[in-house]
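So you can see what is in the structure, the chains are spelled out below.
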Amino acid sequence: RSPSRGLGDVYKRQALTVSLTLQVAPSTLIALYLGGNAIGSNGLHALIAALHAAPSLETLWVANNQIDNNAAAAFEHLARADAGCMSLKHLAIQKNRMGDESLQALARAVSGGALPQLRWLYAGENEIGDEGVVALAAALEHGGCKQLRRLGLQHNLFGDAALGALGSALSAGAMPDGEFVYVLGNRFTPVGQAALSSGIAESEVQVHFGWPPPKTKSFLITPPDLLAPHDDEVYSQPASQPPTVKA
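Computed from a prediction, not measured in an experiment: that's the story for all the values here.

Re the packing of aromatic side chains
In this structure the tally under the stated criterion is five aromatic pairs. On the numbers, 5.6 Å between centres and 40° between planes, the contact of Trp120 with Tyr122 is tilted. As far as the burial class goes, Trp120 and Tyr122 line up, both buried. An aromatic cluster of three or more residues is present, and its members are Tyr33, Trp61, Trp120, Tyr122 and Tyr182.

What about unusual backbone geometry?
The backbone of Asn64 shows a phi angle near 55°, a positive value even though the residue is not glycine. Mapped onto the elements, Asn64 comes out in the loop between strand S3 (59-61) and helix H3 (71-77). Even without a glycine there, the phi angle at Leu115 is positive, about 60°. Mapped onto the elements of the fold, Leu115 is located in the loop between helix H4 (100-111) and strand S5 (120-122). A relative accessible area of 2% places Leu115 in the buried class.

Remarks on the nonpolar core
Of all hydrophobic cores here, the largest spans 61 residues; its most connected members are Phe75, Leu115, Leu151 and Val183. Contributing elements (two or more residues each) for this core: helix H2 (40-50), H3, H4, helix H5 (130-141) and helix H6 (160-171). Beyond its immediate sequence surroundings of up to four residues, Leu151 is in contact with Leu121, Leu136, Leu140, Leu166, Met175, Phe180, Val181 and Tyr182. Ile30, Tyr33, Trp61 and Ala63 belong to the second largest nonpolar core, which has 11 residues in total.

Some remarks on the pattern of salt bridges
In total, this model carries two salt bridges according to the counting rule given. With a closest N to O distance of 2.4 Å, Glu76 and Arg108 form a salt bridge. With a gap of 32 residues between them, Glu76 in helix H3 and Arg108 in helix H4 connect regions that are remote in the sequence.

Scoring rules and cut-offs
Residue positions are given per chain, counted from 1 along the sequence in the order it is written. With the structure being a predicted model, the display of local features is reserved for residues of pLDDT at least 70 and the display and counting of side-chain atom pairs for 80 or more, all residues being used for whole-chain, interface and lining totals. Hydrogens and water molecules were not included; the side-chain quantities draw on all heavy atoms of the structure. Paired rings are identified among Phe, Tyr and Trp, the last through its six-membered ring, by centres lying within 6.5 Å, and are further divided according to the angle between planes into stacked (under 30 degrees), edge-to-face (over 60) and tilted (the rest). Note on exposure labels: buried denotes an accessible area under 20% of the residue type's maximum, exposed denotes more than 50%, and partly exposed covers the range between, all computed with a 1.4 Å probe on protein chains only. Under the DSSP-based scheme used, a helix requires at least four consecutive residues in state H or I and a strand at least two consecutive residues in state E, with every element numbered from the N terminus. What makes a nonpolar core is a set of buried Ala, Val, Leu, Ile, Met, Phe, Trp, Tyr and Cys residues whose side-chain atoms join them at distances within 4.5 Å. In what follows, residue pairs with any heavy atoms lying within 4.5 Å of each other are defined as contacts. When a carboxyl oxygen of Asp or Glu lies within 4 Å of a side-chain nitrogen of Lys or Arg, that pair is called a salt bridge.

Okay, structure coming up:
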């Protein structure tokens, strides 16, 4: 297994260079961190189109990259049989400008069998409304991403309809090994919160509706966009100490 790779200062005009980096990367590449750049939707599309050359990739971190709703075309590519991503476990697309169209495209890919090993999906701090979350919930309910454990949707634009759909999906068996769902900072009411709470009544999933978070040692106190995953077990530390990861 090769060490993780991070590329800084990657801009739209360098999207082709980024995709070429993947195409010549060793097949053992397991993580690629590109957060805090400006690759945009074109850069994301170039990356996804090149993922077939990195069959062992487990982490793709493209948070905070000026990716807008044109990302839908990139996610549509995931549905292709030769798209790769079969080993991807962590996908971080938060802090961008993606909306319903993008999440609907991702949901269609998930429904078609893309991302079967995905465990963490972080899509918080975008512009996703009810339609996008309802589509994703339907994909999860019908068997997509059975390995999903953490779903980050915090600080978007959805409301009660989205929470109701998530509740229905979870009660029907979505995320059977689920740990956390983040929905804080959205436009739901107590009605939506009750619907989602009802959906997790028979599961181990904990929902972060707002502060304080659920009281458990394994809950990510550090927001998911600030901590790149290295393993599935992350333990919170006092605020004065950085998070540590279980070896």
